[in-house]
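# Architecture at a glance
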Amino acid sequence: VLASGDKDEDVRNEALGGLKIFGAHEEHAKVCAKLLGSKEQQLREIGSLGLTEANHHAVVVQAELVVALKDKSAYVRANCAEALGNLAVLLKELGRREESLGILLEANEMDPVNCKHEFNIGVHYLEQQDLEEARRRFERVVEKKADFRPAWLNLGYIAKATGRFEEAEGIYADLVAIVPE
C-alpha cells in the first residue's frame, strides 16, 4: 500500500525499495527451504544458516524503513509502528527480549491508539513476572479497547496469582458482561 498509494514520493520510494529487498529474501528463503529438505546434513545446515541470515537482514531492513518513514503522516506512522511490532516479535523469537521490549515501547509511542503494542508490552512484563507493571499495561489496553478479551483474561490471571480472588472473580464477571461469547 505504501509503495503505490501514498502521496509522498519519498514514502513510495522507500517502501518500494524495502519491498524489492523483501522480495529478494523471499527467493532466498525458497532456496533455503529446499536445502533444509535435503538428505545431506551439510546442505540442511547451510539452509538453516541462510534462513537465520535472512531473518536478521529483514529485521535491519524493517528498522531502516521505519527510520526513513516515521516522521511522515499518521497513516505512515501507524504502518511503521506495525512494522516495529513485527520486528519486536521476531527479536523475541530470536531470544533478544530486552531489545524486543525497547522496540515495542517505540512502536507504542509511535502509534498509541493501537492497543496491540501495549498488550505485547504487558505480556513481556507478565513473562518476566513483573505482575504489577503487567497489570498496569493490561489496564491501559482495556481503557483503550474495552472488548480486548486477552487483556481482561490476563488481568484476571494476575489478580488470582497475587491472591486477590474476589477481584479476579469480578474481572471475569466484567469480561463476560463486556465480551459475551
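Everything below is about the structure printed above this text.
Here the structure is a predicted model, which is why all the values come from computation and not from measurement.

## Considerations on the overall build of the protein
- When helices and strands are counted, the protein shows nine helices and zero strands.
- For the protein, the sequential pattern of α-helices and β-strands runs α-α-α-α-α-α-α-α-α.
- Relative to its 181 residues, the protein shows a buried fraction of 38%.
- Within the protein, contacts between residues at least 6 apart in sequence are counted, and of these 47% link residues at least 24 apart.
- About 10700 Å² of surface is accessible on the protein, with carbon and sulfur atoms providing 55% of the total.

## A look at the packing of aromatic side chains
- This model, assessed by the stated rule, comprises two aromatic pairs.
- Measuring from ring centre to ring centre gives 5.4 Å for Phe-119 and Phe-138, while their planes differ by 50 degrees; the resulting arrangement is tilted. In this pair, Phe-119 is assigned in helix H6 (residues 115–127) and Phe-138 in helix H7 (residues 131–144), connecting sequence segments 19 residues apart. Take Phe-119 and Phe-138: they sit in the same class, and that class is buried.
- For the pair Phe-119 and Phe-148, a centre-to-centre distance of 5.1 Å together with 50 degrees between the ring planes defines the contact as tilted.

## Considerations on helix H5 (residues 97–110)
- Counted at 1.5 Å a residue, the expected span for H5 with its 14 residues is 20 Å, and the 20 Å between its end C-alpha atoms agrees.
- Turning to H5, its buried residues are Ser-100, Leu-101, Ile-103, Leu-104, Ala-107, Asn-108 and Met-110.

Parameters at a glance
Residues numbered from 1 in each chain as written. Predicted model: local features only at pLDDT ≥ 70, side-chain atom pairs only at ≥ 80, totals over all residues. Heavy atoms only, no water. Helix = DSSP H or I, 4+ residues; strand = E, 2+ residues; numbered from the N terminus. Buried < 20%, exposed > 50% of the residue type's maximum accessible area, 1.4 Å probe, protein only. Contact = heavy atoms within 4.5 Å. Areas by Shrake-Rupley, 256 points an atom, 1.4 Å probe, with all protein chains shown as cover. Phe/Tyr/Trp six-rings, centres within 6.5 Å; stacked < 30°, edge-to-face > 60°. Expected span 1.5 Å × (residues − 1).

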